[in-house]
Amino acid sequence: MKRIICFLSTILFLCSSLAASMAENAPFSLHDAYHLMDTFESREYESVWEKKALEKENSQHTREWEKEYGPYTRWQGDVTAAYVQAYGFMPSHDALSVNPLSMLPHSESLSLHEAYELAAKAVARKEKRLPREKLDKYFYTWEYCVSRELDWFWAPLGTWIISWYDSADRLICRAYVDDCARKVTIVFDYLDRTPDDEGIKIFKNF
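As the structure is a prediction and not an experimental result, all values here were calculated from the model. (Residues numbered from 1 in each chain as written. Predicted model: local features only at pLDDT ≥ 70, side-chain atom pairs only at ≥ 80, totals over all residues. Heavy atoms only, no water.)

## Things to note about the confidence of the model for the protein chain
So, point 1. In this model, the protein chain carries a mean pLDDT of 88, and residues with pLDDT of at least 70 account for 87%.
So, point 2. Under a pLDDT of 50 for its full length, residues 1-25 has, in the predicted model, 26 contacts with residues more than four places off or in other chains. (pLDDT = per-residue confidence, 0-100. Contact = heavy atoms within 4.5 Å.)

Laid out in structure tokens, this is it:
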């Protein structure tokens, strides 16, 4: 029980301080983000029901936000970062997750315009069916994330994720941009994706 109270107190403290930072228009630090991830990773549940209760609560919060912002998979990065700051988890209807963790870019980060330019140029160079003029007409989302080395293309100091959707709201392409190195690390091309997730192309070496 003491362990539960300690964990919840830590999460509540982090969330309140992060929410306060956001209210002051200052993004929370990488230290805060990694501390939140580490706290979650070291979490021990007293029972499976305790975890399910947290999952249910996070799902409810996600649905509440979706009433205002639409499906969470289409949120822009500032909305997702605000959600993380408010609740300490990534938005989801399923399993709890804080890795990768969405946050606001810091003062030395690329701007959204710069990250988009790098991503769009890389996509257009690799996929001839997605020239720049076509990409610029599509709806796109952005997100700025840190991670605990889920894959090699995640940058430790921050990664921009730019995703494009066609007129049928179908995900067609996603590019990952290393914020520190200022370069695209990988592009996922979903144009030929099948219902069983075959046909996805991966481009590297930019």
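## Quick notes on a positive patch on the surface
So, point 1. Together, Lys121, Arg125, Lys126 and Lys128 make up a region of like positive charge exposed at the surface.
So, point 2. Residue position: Arg125 is located in helix 5 (residues 112-126). (Patch = residues over 30% accessible without salt bridge, like charges linked within 9 Å, V, L, I, M, F, W, Y side chains within 5 Å. Areas by Shrake-Rupley, 256 points an atom, 1.4 Å probe, with all protein chains shown as cover. Salt bridge = Lys/Arg side-chain N within 4 Å of Asp/Glu carboxyl O. Lys, Arg positive; Asp, Glu negative; His and termini not counted. Charge placed at Lys NZ, Arg CZ, Asp CG, Glu CD. Helix = DSSP H or I, 4+ residues; strand = E, 2+ residues; numbered from the N terminus.)

## Thoughts on the sheet that holds strand 3 (residues 159-165)
So, point 1. Across the sheet, which stays open at both edges, the 6 strands sit in the order 1-2-3-4-5-6 with antiparallel pairing between neighbours. With one partner strand each, in any of the chains shown, strand 1 (101-102) and strand 6 (201-203) form the two edges of the open sheet.
So, point 2. Pairing geometry for strand 3 and strand 4 (residues 171-178), over 7 bridges, is antiparallel. Bridge assignment links Thr159 to a residue of strand 4, and that residue is Asp178.
So, point 3. Lying over the sheet, helix 2 (residues 30-41) contacts strand 1 and strand 2 (139-146), oriented at roughly 80° with respect to strand 2. (Pairing = 2+ DSSP bridges. Axes fitted to C-alpha atoms, helices over the stretch in contact; angles between N-to-C directions.)

## Overview of the environment of His106
So, point 1. Note on placement: His106 falls in the loop between strand 1 and helix 5.
So, point 2. Considered as a pair, His106 and Phe28 are 78 residues apart in the sequence and their alpha carbons are 8.1 Å apart.

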